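# Structural overview for review
Below, each chain spelled out in residue letters.
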Amino acid sequence: PADLMPSLSPLLLPLAALLLLLASTGPRAAHSAPAAAGAALYQASDHVTPLKFDDLRAVVYSGERRRHWLLQLYHRYCGHCINFAPTFKQFASDVKGWSHTVGLAVIDSADFAQVMTHYGLNGVPSLLFIPSNTSWEQKYFSLLNSEANLMEQLLNQLQPFVPQLVPLQSGEAANSPALLEEASPGRLSRRLILDSLPSLSLRWRPNAGLSGGAVRVSRVPAAGGGAAALGESASIDELRRLLTPLRPPSAVAPPAAAPSVMAKVAQPSDSSSSHGELRPPTLDDLRSGIIRALVSDAAAVSLDKPGVWPAVRDFVRLLNSHLSARSLELGRLLRPLAAWLPEEPPSHDRWLRALADAGFPTRPPDAWVSCRGSKPFLRGYPCSLWQLFHTLTAVRFATAGASGPPVMPVMRRFIIACFSCRYCAENFDKGTAGMEAEIGAQPAPGVELLYLWRKHNTVNKRLSGESSDDPAYPKARFPSAALCSECAEGAASADANAAAFLLRWYGPGAGWASHPEGDSDFAKPAISTVDIMGFSRLDLVIVALCFACVLSVLLAVWCRLSRSGRRLCRRGLSPFRRSPSPV
Ligand SMILES: Cc1cc2nc3c(=O)[nH]c(=O)nc-3n(C[C@H](O)[C@H](O)[C@H](O)COP(=O)(O)OP(=O)(O)OC[C@H]3O[C@@H](n4cnc5c(N)ncnc54)[C@H](O)[C@@H]3O)c2cc1C
């Protein structure tokens, strides 16, 4: 091999060039790596099964003995999902004894956006009851309401599949060792029936004479005749105790009283509650927000629904027009996508392909810098989205002369059509319903800069103290007095001072921009990424260099090993000639 070194020396140049080129395309390669899995809102210890999209088919739709499933699709950054998590965990704990009949699973759509498309949903949290007799292809489910009584809804869903849950009709004999009686609607007795299913068959019937939510337990004699009352109670633990003598000795112990597993979601007493310092947006966070908005949120809605595609298309154009000339990295992603945008809505697959062609990763990154929360599910994506829109208004404000398209109308349409936190989108829709009357259809740059600032402060006030409020970064009027004392409410020229502050915090001089002045030549990619038969020019250059390397290696080996090759190389290809060995 040492002998081969001189012959290989001509390879070094193309190899070095190739390495340099690969290094220069580094961010693109890094983007396509799967995002590090951020901690989700649920763990297996919460009595739910956290699933990946790829597991869904195997876990929910197959298996020897199929169960019914209650599947929650959530998004770990959605405030409403965070607020709902303790309720769902408590519910999961309450029904954990029913795992023989129904399983509870969760999927974080922040990581697996395909799940929303598969079920044709675009709002989180979504609760899907999937009966055991349905198939993956059918995509059948019943939607439960996360704001109504979950127990009642689940019992109603299970009733057609569990005959014991149907009340005894008058004259019908209880073909079970025990009978439960309860004034309608039989919530407690139906819970007891599901608890006991594997070991004891129970039936129930309405008894209007019982009050206070009590259930009467009676033993049914095997030989028929009148049932003997064992006792009466409104407490599920007491009722379980009453039923114990009826269970066969081998029966599994009844589920213990559900411990309260109310998850502590960002309680102020958490050790993480030391205050962090708010920071201006970073390029990484702006880029992650853009990627998530387009790869995850926009890809999860039907682009051919009225108004959706124009909202997505205008959003991409807006991003491109305000950001591409300021940041080489953002320009690399946005320019090819903006150049592709068709007038008619593309198919879902075509949209994903266009994103991939433009260099977007298939899974959005989930590492945050200025939007990093004290817990993995706090701050993150929605924070980056606010920052992105403030940045857009500040960039437009900074380019006073050529101010570009207004931000607010586009932002509003995109949030309402695509933001995966549907609850947030609805609130934003209501909160900005009078926007056009207030600031006009084509608001001036300074007007929309301050409008968004005020609206965001209204949202901060509403959400202060909620469980999605990160105790390390408590929601409050922004900027704080420490950041800008002249911006305080009631201060002289507070609005003008706030505008100047927002420009410093978000504008092109804030640090995220590689070219604060904005220069379209600067922002053009060094090597054009325009498609040639489906390949970008960058791809073609890389392939050509690889080809040159392989050819050089073959030539070197031929020169070295074959007699005619050695002769030819000695005569014609001087760089391949061995240097004379020192005497
Ligand atoms: C359009 C929209 C609507 C939402 N609606 C809801 C909702 O209804 N319910 C819900 O639970 N969650 C909602 N969210 C999420 C919520 O507002 C927060 O984004 C999330 O809780 C993360 O909070 P955060 O502490 O990172 O600060 P965020 O409110 O996300 O703010 C991000 C950063 O922006 C800066 N900032 C704060 N206020 C201002 C301001 N007035 N002007 C300029 N910069 C500011 C700060 O540096 C802050 O860290 C919404 C998000 C968006 C984008």
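Notes on the structure in this doc start here. Within any chain, residue numbers begin from 1 and follow the written order of that chain's sequence. Only residues with pLDDT of at least 70 are given local features in this predicted model, and only at 80 or more are side-chain atom pairs given and counted; all residues enter the totals for whole chains, interfaces and linings. Neither water nor hydrogens contribute to the side-chain values; these are computed over all heavy atoms in the structure.

### Thoughts on the sheet that holds strand S5 (residues 142-144)
Pairs of strands are assigned from DSSP output, requiring at least two bridges between the strands. Under the DSSP-based scheme used, a helix requires at least four consecutive residues in state H or I and a strand at least two consecutive residues in state E, with every element numbered from the N terminus. The strand order S1-S3-S2-S4-S5 describes an open sheet built from five strands, whose pairing is mixed. A single partner strand is all that each edge strand has here, and the edge strands are strand S1 (49-51) and S5. Strand-to-strand twist of the sheet, defined as the mean angle between neighbouring strand axes without regard to direction, takes the value 30 degrees. When S1 meets strand S3 (residues 102-108), the two strands line up parallel, connected through three bridges. Looking at the pairing, Leu51 lines up with Ile107 of S3. Working rule for contacts: check all heavy atoms of both residues, and any pair within 4.5 Å makes them a contact. Orientation is described by axes fitted as lines to C-alpha atoms, over the contacting stretch for helices, and by angles from 0 to 180 degrees between their N-to-C directions. Across the sheet, helix H5 (residues 79-94) touches strand S2 (68-74), S3 and strand S4 (126-130), and the angle it forms with S2 is around 160 degrees.

### Observations concerning helix H11 (residues 308-323)
Along its 16 residues, H11 runs 22 Å from first to last C-alpha, staying within 8% of the 22 Å computed at 1.5 Å per residue. Only protein chains enter the area calculation, which uses a 1.4 Å probe; residues under 20% of their type maximum are buried, those over 50% are exposed, and those in between are partly exposed. The buried count for H11 comes to twelve of 16 residues, which makes it a mostly enclosed element. Of the residues making up H11, those classed as buried are Val308, Trp309, Ala311, Val312, Arg313, Asp314, Phe315, Val316, Leu318, Leu319, His322 and Leu323. By this rule the span expected of a helix is its residue count minus one, scaled by 1.5 Å.

### Remarks on the pairing of S3
Among the seven residues that make up S3, seven are buried, leaving the element largely enclosed by the rest of the structure. Neither face of S3 is open: one carries Val102, Leu104, Val106 and Asp108, the other Gly103, Ala105 and Ile107, and all of them are buried. The sheet contact formed by S2 and S3 spans seven bridges and is parallel. Note that in S3 the partner of Gln72 across the bridge is Val106. Crossovers are marked right-handed if the path from the first strand over the helix to the second runs clockwise, as seen with the strands pointing away from the viewer. Chirality of the crossover, the property in question, places the unit of S2, H5 and S3 among those that are right-handed.

### Section: the packing of H5 against helix H7 (residues 150-158)
Direction vectors running N to C along H5 and H7 enclose 50 degrees, while the axes themselves pass 11 Å from each other. By the angle class used here, H5 and H7 are oblique. Note that H5 runs across H7; the crossing there is right-handed. Of the residues in H7, those in contact with Phe84, Phe88, Phe91 and Asp94 of H5 are Leu150, Met151 and Leu154. Gly counts as polar in this scheme, as do all residues outside two lists: the nonpolar Ala, Val, Leu, Ile, Met, Phe, Trp, Tyr, Cys and Pro, and the charged Asp, Glu, Lys and Arg. Grouping the amino acids of the contact of H5 with H7 by side-chain chemistry returns six nonpolar, no polar and one charged. Orientation labels follow simple angle bins: below 35 degrees gives roughly parallel, above 145 gives roughly antiparallel, 65 to 115 gives roughly perpendicular, and whatever is left gives oblique. What makes a crossing left-handed is the near helix being turned counterclockwise from the far one by less than a right angle; a clockwise turn instead makes it right-handed.

These figures capture arrangement, not role.
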